[in-house]
Amino acid sequence: MWKDKAQLMDNKAMERAIRRIAHEIIERNRGLDETLLVGIKTRGIPLAKRLALELEKIEGCTVPVYEIDVSAYRDDRKQCTVDGMNSTVTPFQADGKTIVLIDDVLYTGRTVRSALNAIMEMGRPKFIELAVLVDRGHRELPIRADYVGKNVPTSHREDVAVQMQETDGMDQVLLREYQQD
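The structure displayed is predicted, hence computed values, not measured ones.

Calculation notes
- Residues numbered from 1 in each chain as written.
- Predicted model: local features only at pLDDT ≥ 70, side-chain atom pairs only at ≥ 80, totals over all residues.
- Heavy atoms only, no water.
- Salt bridge = Lys/Arg side-chain N within 4 Å of Asp/Glu carboxyl O.
- Helix = DSSP H or I, 4+ residues; strand = E, 2+ residues; numbered from the N terminus.
- Buried < 20%, exposed > 50% of the residue type's maximum accessible area, 1.4 Å probe, protein only.
- Pairing = 2+ DSSP bridges.
- Axes fitted to C-alpha atoms, helices over the stretch in contact; angles between N-to-C directions.
- Contact = heavy atoms within 4.5 Å.
- Core = buried A, V, L, I, M, F, W, Y, C linked by side-chain atoms within 4.5 Å.

(A) Quick peek at the pattern of salt bridges. Applying the stated criterion to the full structure yields 18 salt bridges. Linking Arg20 and Glu24 is a salt bridge whose minimum nitrogen-to-oxygen distance equals 3.6 Å. Of the two residues, Arg20 and Glu24 both sit in helix α1 (residues 11-29), four residues apart, roughly one turn of that helix. Here Asp146 makes a salt bridge to Arg144, at a shortest N to O gap of 3.7 Å. Taking relative accessible area as the criterion, Arg144 reaches 58% and is therefore assigned exposed. Through salt bridges with shared partners, a single network forms among Lys5, Glu158 and Glu177.

Quick look at the structure:
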């Protein structure tokens, strides 16, 4: 059973993190030409949409947002299960683009690896960058985020739960701890 331990971010802190990430993306890429945002299901999608709105406020141009469900690309599922799954990737032209992959929490890196596999099936991007709201450490693969809203060192008994208005009815990030009864 998960028990809330601390609130890591409230709605204002989430807004500030998204705004900062937007500025960092513009600065690093010297603009937004040929840039696409790709949100990983579930909470990466509303984060990508919020980031696109922030980028539009700052730069005055619209950055396309695409959605990706990486379930069928996961390496922690048995092959017979994967064949029966429906992965959803909104088709887009990846060749020569800068793709900013967006997720709520970066943990082991396996979800990101799955997303990279899905994107590479769409073509050959110029760059793929990773933006996450929270990086909690404990990587199992050599993956790191280019843009991070908040770094939160955690133990394996802890969990980071991102709640968003679009999916959960509120904006906050919680640190939870597993408690045995």
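(B) Region of interest: the sheet that holds strand β2 (residues 35-40). In spatial order, the strands read β3-β2-β4-β5-β6; together these five strands make up an open sheet with parallel pairing. What marks the edges here is a single partner per strand, and that holds for β3 (65-68) and β6 (147-151). Across the sheet, the mean angle separating the axes of adjacent strands is 25 degrees when strand polarity is ignored. Alignment of β2 against strand β4 (residues 98-106), held across five bridges, turns out to be parallel. Each residue of the ladder has a partner; that of Leu36, found in β4, is Ile99. Against the sheet, helix α2 (residues 44-59) touches β2, β3, β4 and β5 (127-135), its axis set at about 150 degrees to β2. Along the sheet face, helix α4 (residues 110-120) touches β2, β3, β4 and β5 and points at about 155 degrees away from the line of β4.

(C) Structural context of the nonpolar core. Counting residues in each nonpolar core, the largest one holds 30 residues, and the members touching the most others are Leu37, Leu51 and Leu133. Take this core: its biggest share by element is eight residues, from α1. Excluding residues that lie within four positions of it along the chain, Leu51 makes contacts with Ile18, Ile21, Ala22, Ile25, Leu37 and Ile102. Ranked by size, the runner-up nonpolar core spans 21 residues in total, among them Ile40, Met122, Ile143 and Val148.

(D) Up close: the sheet that holds strand β8 (residues 172-178). If you trace the three strands from one edge of the open sheet to the other, you get β1-β8-β7, paired in antiparallel fashion. Lying at the two open borders of the sheet, with one neighbouring strand each, are β1 (2-9) and β7 (158-163). The mean inter-strand angle of the sheet, taken between neighbouring strand axes irrespective of direction, is 30 degrees. Note: β7 against β8, six bridges, orientation antiparallel. Bridge assignment links Ala161 to a residue of β8, and that residue is Leu174. On the sheet, α1 packs against β1, β7 and β8 and is oriented at approximately 55 degrees with respect to β1.

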